[in-house]
Amino acid sequence: RGTVTAFSPFDAKADAEALRKAMKGMGTDEETILKILTSRNNAQRQEIASAFKSLFGRDLVDDLKSELTGKFETLMVSLMRPTYIFDAHALKHAIKGAGTNEKVLTEILASRTPAEVQNIKQVYLQEYEANLEDKITGETSGYFQRLLVVLLQANRDPDGRVDEGLVEQDAQVLFRAGELKWGTDEEKFITILGTRSVSHLRRVFDKYMTISGFQIEETIDRETSGDLEKLLLAVVKCIRSVPAYFAETLYYSMKGAGTDDDTLIRVMVSRSEIDLLDIRQELRKNFAKSLHQMIQKDTSGDYRKALLLLCGGDDD
């Protein structure tokens with residue numbers, strides 16, 4: 001359900017030549033660059049990069065970096081990052097240097113499947129010769145850290161037959177750990193939300209509502225705070241619907257004054273081949289806005305053109 005699919009007929013050599021021509025000599029032909037890179041899928045972009053090196057002895061990403069600037073450059077370079085490296089790279093930057101970007105850790109680790117998380121850990125080790133879990137535990141603390149570690153284990157139960165008795169039990173445990181308790185037993189929330197299967201948890205949320213009269217999100221909101229609260233809410237939202245979670249993420253990246261371009265770029269690039277069509281639908285449904293129109297209004301120039309092409313159409 002992505003907006004970007006394999007381009008056909010595809011000719012890596014012709015694309016590499018067109019890109020070289022667009023960047024050679026005085027001035028840069030941004031239009032050609034953005035048209036090619038947004039209409040090829042990631043695997044094809046990697047083929048273009050290797051054709052570019054074979055033909056010209058130059059690194060395509062280095063050339064893009066030297067010819068382009070600002071958010072447009074960031075977007076084009078992000079599109080060139082191999083899919084499997086994308087998340088590892090984003091996480092590395094989130095925990096690098098002064099201050100940790102908790103938002104990025106939350107978004108990626110709450111939304112990726114166990115298989116994707118295993119892959120991210122492997123790639124991180126290969127690319128950066130470091131253990132992702134060690135890096136994250138070194139930069140985070142408290143219950144926020146604990147839930148991240150649980151998610152990094154990627155041991156969520158696989159979806160299967162849902163045991164109604166266990167659903168009832170988990171819902172009761174969460175109710176007692178939150179609403180019924182003076183203070184909160186965060187550990188129970190972390191264990192249940194971090195390890196149970198998606199279909200099981202969806203039933204738990206329904207049962208929880210029946211028992212307590214509250215949505216689980218309302219309880220998390222009241223009983224926890226800070227980074228832990230944001231991470232728990234992200235996990236719950238992704239259990240309910242990953243596209244709805246990203247629709248909300250995109251909506252808030254552009255709502256109000258200023259745009260959170262890092263988030264906008266990260267979500268548009270990382271979901272463009274997975275579920276951006278579903279994300280567009282959810283945004284329309286939940287916020288009565290079209291992603292296309294939000295991008296149109298909030299961005300400008302070649303950056304806007306490229307994002308609109310990735311968005312792949314309007315939902316009005």
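Residues numbered from 1 in each chain as written. Predicted model: local features only at pLDDT ≥ 70, side-chain atom pairs only at ≥ 80, totals over all residues. Heavy atoms only, no water.

Draft legend 1. Expanded view of the overall build of the protein chain. A count of helical and extended segments in the protein chain gives 20 helices and zero strands. When its C-alpha atoms are laid out on the principal axes, the protein chain stretches across 70 × 45 × 40 Å. For the protein chain, the residues scored as buried account for 48% of the 316 residues in total. Of the contacts formed within the protein chain by residues at least 6 apart in sequence, a portion of 72% connects residues at least 24 apart. Surface accessibility of the protein chain: about 14,800 Å² in total, with carbon and sulfur atoms responsible for 48%. The average position of the 43 basic charges and that of the 51 acidic charges among the side chains of the protein chain differ by 2 Å. (Helix = DSSP H or I, 4+ residues; strand = E, 2+ residues; numbered from the N terminus. Buried < 20%, exposed > 50% of the residue type's maximum accessible area, 1.4 Å probe, protein only. Contact = heavy atoms within 4.5 Å. Areas by Shrake-Rupley, 256 points an atom, 1.4 Å probe, with all protein chains shown as cover. Lys, Arg positive; Asp, Glu negative; His and termini not counted. Charge placed at Lys NZ, Arg CZ, Asp CG, Glu CD.)

Draft legend 2. A look at the domain arrangement of the protein chain. Domains assigned within the protein chain are domain 1 (12-80), domain 2 (83-153), domain 3 (164-226) and domain 4 (242-311). Centre-to-centre separation of domain 1 and domain 3, based on C-alpha positions: 48 Å. (Domains from an automatic or database assignment.)

Draft legend 3. The nonpolar core, seen in detail. Ranked by internal contacts, the top residues of the largest apolar core, which has 95 residues, are Met76 and Met268. If you tally residues by element for this core, the top one is helix 15 (residues 226-240), at nine residues. (Core = buried A, V, L, I, M, F, W, Y, C linked by side-chain atoms within 4.5 Å.)

Draft legend 4. Spatial organisation of the packing of helix 12 (residues 186-195) against helix 15. Interhelical geometry of helix 12 versus helix 15 gives an angle of 30 degrees and a closest axis separation of 11 Å. By the angle class used here, helix 12 and helix 15 are roughly parallel. When the axes of helix 12 and helix 15 are compared, the crossing they make is left-handed. Mapping the contact onto sequence places Glu186, Phe189, Ile190 and Leu193 in helix 12 and Leu228, Leu232, Val235 and Val236 in helix 15. (Axes fitted to C-alpha atoms, helices over the stretch in contact; angles between N-to-C directions. Parallel < 35°, antiparallel > 145°, perpendicular 65-115°, else oblique. Left-handed = near helix turned anticlockwise from the far one by under 90°.)

Draft legend 5. Examining the environment of Gln145 more closely. On the secondary structure map, Gln145 appears in helix 10 (residues 142-153). When the C-alpha positions of Gln145 and Arg240 are compared, they lie 23 Å apart, and in sequence the two are 95 residues distant. Once you skip the residues sitting within four places of it in the chain, Gln145 turns out to touch Thr137 and Thr140. One polar contact links the side chain of Gln145 to the main-chain carbonyl oxygen of Thr137, over a distance of 2.9 Å. (Polar contact = N/O pair within 3.5 Å; in protein donor to acceptor, adjacent residues only side chain to side chain.)

Draft legend 6. Up close: the side chain of Asp170. Along the chain, Asp170 falls in helix 11 (residues 164-177). Overall, the relative accessible area of 2% leaves Asp170 in the buried class. Setting aside residues no more than four positions away along its own chain, Asp170 makes contact with Ile192, Arg196, His200 and Val204.

Draft legend 7. Representation of the packing of aromatic side chains within the structure. A complete count under the given rule lists seven aromatic pairs for this structure. With 5.3 Å between their ring centres and 70 degrees between their planes, Phe52 and Phe56 make a pair best called edge-to-face. Within this pair, Phe52 and its partner Phe56 are both found in helix 3 (residues 42-56), separated by four residues, close to a single helical turn. Since its relative accessible area comes to 0%, Phe52 is described here as buried. Relative accessible area serves as the criterion here: at 30%, Phe56 is assigned to the partly exposed category. Taken together, a centroid distance of 6.1 Å and an interplanar angle of 85 degrees make the contact between Tyr252 and Phe287 edge-to-face. Of this pair, Tyr252 sits in helix 16 (residues 242-254) while Phe287 sits in helix 18 (residues 276-287); the two residues are 35 residues apart in sequence, bridging distant segments of the chain. Residue Tyr252 is classed as partly exposed on the basis of its relative accessible area of 49%. Three or more aromatic residues link up through ring pairs in this structure, and these residues are Tyr251, Tyr252 and Phe287. The ring of Phe214 carries Arg222 above its face, with NZ or CZ at 4.2 Å from the centroid. (Phe/Tyr/Trp six-rings, centres within 6.5 Å; stacked < 30°, edge-to-face > 60°. Lys NZ or Arg CZ within 6 Å of the ring centre and 35° of its normal.)

Draft legend 8. Quick peek at the pattern of salt bridges. Within this structure, the stated rule accounts for 21 salt bridges. Its salt-bridge partner being Arg40, residue Asp15 comes within 2.7 Å of it at the nearest N-O pair. Within this pair, whereas Asp15 is found in helix 1 (residues 12-23), its partner Arg40 is found in the loop between helix 2 (30-39) and helix 3, the two being separated by 25 residues in sequence. The exposure classification of Asp15 matches that of Arg40, with both residues buried. A salt bridge links Arg266 to Glu107; its shortest N-O distance comes to 2.7 Å. Here Arg266, found in helix 17 (residues 261-271), pairs with Glu107, found in helix 7 (residues 102-111); they are 159 residues apart in sequence, far enough to count as distant. As far as burial versus exposure is concerned, Arg266 and Glu107 are alike and both buried. Three or more residues joined by partner-sharing salt bridges are found here, namely Glu31, Lys35, Asp302 and Lys305. (Salt bridge = Lys/Arg side-chain N within 4 Å of Asp/Glu carboxyl O.)

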